[in-house]
Amino acid sequence: MNERFAETVVQEATRDDPIVLVQDYHFALLPRMIRDRLPKATIITFWHIPWPNAETFSICPWRNAIIEGLLGSTILGFHTQLHCNNFLEAADRFMESRVDREHMSVTYRGQEVLVRPYPISIEWPPAALANQAPTESCRASVQRRFGLSADVRIAVGIERFDYTKGILDRLKAVDDLLTRHPEWIGRFVFIQAAAPTRSKLGAYSALQEEAETLVNWINAKHETRDFAPIRLVIRHHEPDEVFELFRAADICVVSSLHDGMNLVAKEFVAARDDEQGVLILSTFAGASRELSEALLVNPYDTHGMADALQNALQMPSSEQRNRMRLMRELIRERNVYRWAAQMLLDASHIRQRQRIGSVELQAQRSA
């Protein structure tokens, strides 16, 4: 499949030195294939998922082929500096290459590959925010839909059913919160919107079944006659529905067990133009490197997650505003357009240096 894409790139290229953007792990072999066909191409590859440390990566049977494929790039991008460091370590351990950690580059087969962090982001302003009602109206709409009274505090989790997202862990944290702080029973609800994904794979369908079983158990443990603390909504949600939930919520929980970035965290912040709401964010999501004003948690620590929920529920409006304002300023500035532009600017600088080097070489030969 990677070969088919490589052939198509060659067919569509109108010059021998095009700029090609390759995205994600599906195309791990593609940069080298393009390089072999178009040696002068400027190839930007971006890896959207975490890159593990070399010890973990060593178990992969295809490790050398994957690294060699990626080393066909001119620039190789990851979300965080940690992932860049892990790739340099893997290249150093498994490939006959020269790794320059000061300049963050790998030289392989005579070609230098720059390894750089490019934290991905979202568009600003988000298109889904354009037609949203005021936050008070969004909250009233969600309250009606779920049969909630006006004094009930709302936390949300929104993602697809994936075992890396930590859905089960946050449900256990809700149970722990209500067990240790029963005063929130009947006054706090957690809405988990989860889109089915890869349901034909056993691990994913089993996760959904386990989540449903766990929700039923927690609700039976803590529900009152007319109130259940967890609402699990298993279906796809359109962007405007997601943003309505974001704007209605007091808290958004992003408890990824492992995530390159996690744009849900940034979308929640972008949705809160009222500068209210609290983001609870896993330290294992790349977004935690940027959104330090969130309440950062270890998703494997059930008590710690429950404590974060308690802190969020008690956080004063002024503190929410201060935290949200700083996060919104960061996302406004470091949006997805800047993400793409920075990669293209770096590619442009490399091409300029190559042209200068070529001119100098020709002059030396002429002399």
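Residues numbered from 1 in each chain as written. Predicted model: local features only at pLDDT ≥ 70, side-chain atom pairs only at ≥ 80, totals over all residues. Heavy atoms only, no water.

Considerations on helix H6 (residues 135–146)
Taking 1.5 Å as the rise per residue, H6 with 12 residues should run 16 Å; its terminal C-alpha atoms sit 17 Å apart, in good agreement. For H6, the complete set of buried residues consists of Thr135, Cys138, Arg139, Ser141, Val142, Gln143 and Phe146. Where H6 is buried, its residues meet strand S7 (153–160), strand S8 (188–195), strand S9 (230–234) and helix H9 (239–248). (Helix = DSSP H or I, 4+ residues; strand = E, 2+ residues; numbered from the N terminus. Expected span 1.5 Å × (residues − 1). Buried < 20%, exposed > 50% of the residue type's maximum accessible area, 1.4 Å probe, protein only. Contact = heavy atoms within 4.5 Å.)

Focus: the sheet that holds strand S3 (residues 75–78)
What the 6 strands build is an open sheet, ordered S1-S2-S3-S6-S5-S4; its pairing is mixed. Each end of this open sheet is capped by a strand with a single partner; those strands are strand S1 (19–23) and strand S4 (98–100). With direction set aside, neighbouring strand axes in the sheet form an average angle of 20 degrees. Here 4 bridges tie S3 to strand S6 (residues 111–117), and the two strands are oriented parallel to one another. Among the inter-strand pairings, Leu76 is bridged to a residue of S6, identified as Val115. (Pairing = 2+ DSSP bridges. Axes fitted to C-alpha atoms, helices over the stretch in contact; angles between N-to-C directions.)

Some remarks on the side chain of Gln143
Note that Gln143 resides in helix H6. Accessibility expressed as a relative area gives 12% for Gln143, which makes it buried. If near-sequence neighbours (up to four positions away) are discounted, Gln143 is found in contact with Leu148, Ser149, Ala150 and Ile154.

Observations regarding the pairing of S8
Most of S8 sits out of view: 8 of its 8 residues are buried. Taking every second residue as pointing to the same face, both faces of S8 are buried, with Phe188, Phe190, Gln192 and Ala194 on one and Val189, Ile191, Ala193 and Ala195 on the other. As judged from the 8 bridges shared by S7 and S8, these two strands associate in the parallel manner. Counterpart to Arg153 in the pairing with S8 is Phe188. Once you follow S7 into helix H7 (residues 167–180) and on to S8, the crossover reads as right-handed. Here S8 pairs with S9 via 5 bridges, running parallel. Residue Ile191 lies in a different strand from S9, and its bridge partner there is Arg231. (Right-handed = clockwise from strand over helix to strand, strands pointing away.)

Description of the nonpolar core
In this structure, Ile154, Phe246, Leu279, Leu281 and Leu291 are the most contacted members of the largest nonpolar core, which totals 51 residues. Ranked by residue count, the leading element in this core is helix H10 (residues 263–271), at 6 residues. In this view, Leu279 contacts Cys252, Val254, Ala265, Phe268, Val269, Leu291, Ala294, Leu295 and Met327; residues no more than four positions away in its chain are not counted. (Core = buried A, V, L, I, M, F, W, Y, C linked by side-chain atoms within 4.5 Å.)

Some points on the side chain of Gln111
Note on placement: Gln111 falls in strand S6. For Gln111, a relative accessible area of 17% puts it in the buried group. At a separation of 3.5 Å, a polar atom in the side chain of Gln111 contacts the side chain of Arg35. In this view, Gln111 contacts Arg32, Arg35, Leu71, Gly72, Ser73, Thr74 and Val106; residues no more than four positions away in its chain are not counted. (Polar contact = N/O pair within 3.5 Å; in protein donor to acceptor, adjacent residues only side chain to side chain.)

Some words on the pairing of strand S11 (residues 278–282)
Counting buried positions along S11 yields 5 of 5 residues, so the element is predominantly enclosed. Residues of S11 alternate between two faces, with Val278, Ile280 and Ser282 on one and Leu279 and Leu281 on the opposite face, all of them buried. Relative to S11, strand S10 (residues 251–254) is paired through 4 bridges, and the arrangement is parallel. Residue pairing in the sheet places Val253 in a bridge with Ile280 of S11.

Things to note about the sheet that holds S8
Pairing is parallel across the open sheet formed by 6 strands, whose spatial order is S9-S8-S7-S10-S11-S12. For this open sheet the edge positions go to S9 and strand S12 (295–297), each flanked by a neighbour on one side alone. Averaged over all pairs of adjacent strands, the angle between their axes in this sheet comes to 20 degrees, without regard to strand direction. Packed onto the sheet, H10 meets S7, S10 and S11 and runs at close to 170 degrees relative to S11.

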